Amino acid sequence: MMAKAARAAAAWRTYREVTRPDTPPLMTRVRAIPRMLGAVMRGRYAGLGKGKLALMGLGVVYLISPVDVIPDFLMLIGVADDFGVFLWLMASLLGESGRYVEHERAVIQGQVEEDLIQGRMADDVI
């Protein structure tokens, strides 16, 4: 019973985070996941450690693997563990991709500001 409540609370927190007006929307986060994974693998984004990325990979393997800790033929319990892993994986991916989108925006904003400063300096020289 406590595990169900914890999963429901995690799902609710994820929903609230994704729907807050000051955060990136859901589809922006979803589209950012491949970019985020590539940036982590190339070492261009330190916000997500490779250890947590490996745990997420294990979560995906667990979901698609025919071997379960609790077999699915134990109907409610067997499906509940898969659902718990799925919720954790989605909450982690959406949360991390939201932070990655904000990181991308900050980098772009920093580059624009740097270009503006350099442009002003070039105008001062001329």
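Residues numbered from 1 in each chain as written. Predicted model: local features only at pLDDT ≥ 70, side-chain atom pairs only at ≥ 80, totals over all residues. Heavy atoms only, no water.

With that settled, the discussion passes to the overall build of the chain. Summing up its helical and strand segments, the chain has four helices and zero strands in all. What you see in the chain, going N to C, is helices and strands ordered as α-α-α-α. Put simply, the chain has 126 residues, and 29% of those count as buried. With the model as given, the accessible surface of the chain reaches about 8,800 Å², and the carbon-plus-sulfur share is 69%. (Helix = DSSP H or I, 4+ residues; strand = E, 2+ residues; numbered from the N terminus. Buried < 20%, exposed > 50% of the residue type's maximum accessible area, 1.4 Å probe, protein only. Areas by Shrake-Rupley, 256 points an atom, 1.4 Å probe, with all protein chains shown as cover.)

Below, the discussion takes up the packing of aromatic side chains. Counted by the stated rule, this structure contains two aromatic pairs. Seen from their ring centres, Tyr-45 and Tyr-100 are 4.9 Å apart, and the 80 degrees between their planes marks the pair as edge-to-face. Of this pair, Tyr-45 sits in the loop between helix 2 (26–42) and helix 3 (50–64) while Tyr-100 sits in helix 4 (residues 75–125), placing them 55 residues apart in sequence. (Phe/Tyr/Trp six-rings, centres within 6.5 Å; stacked < 30°, edge-to-face > 60°.)

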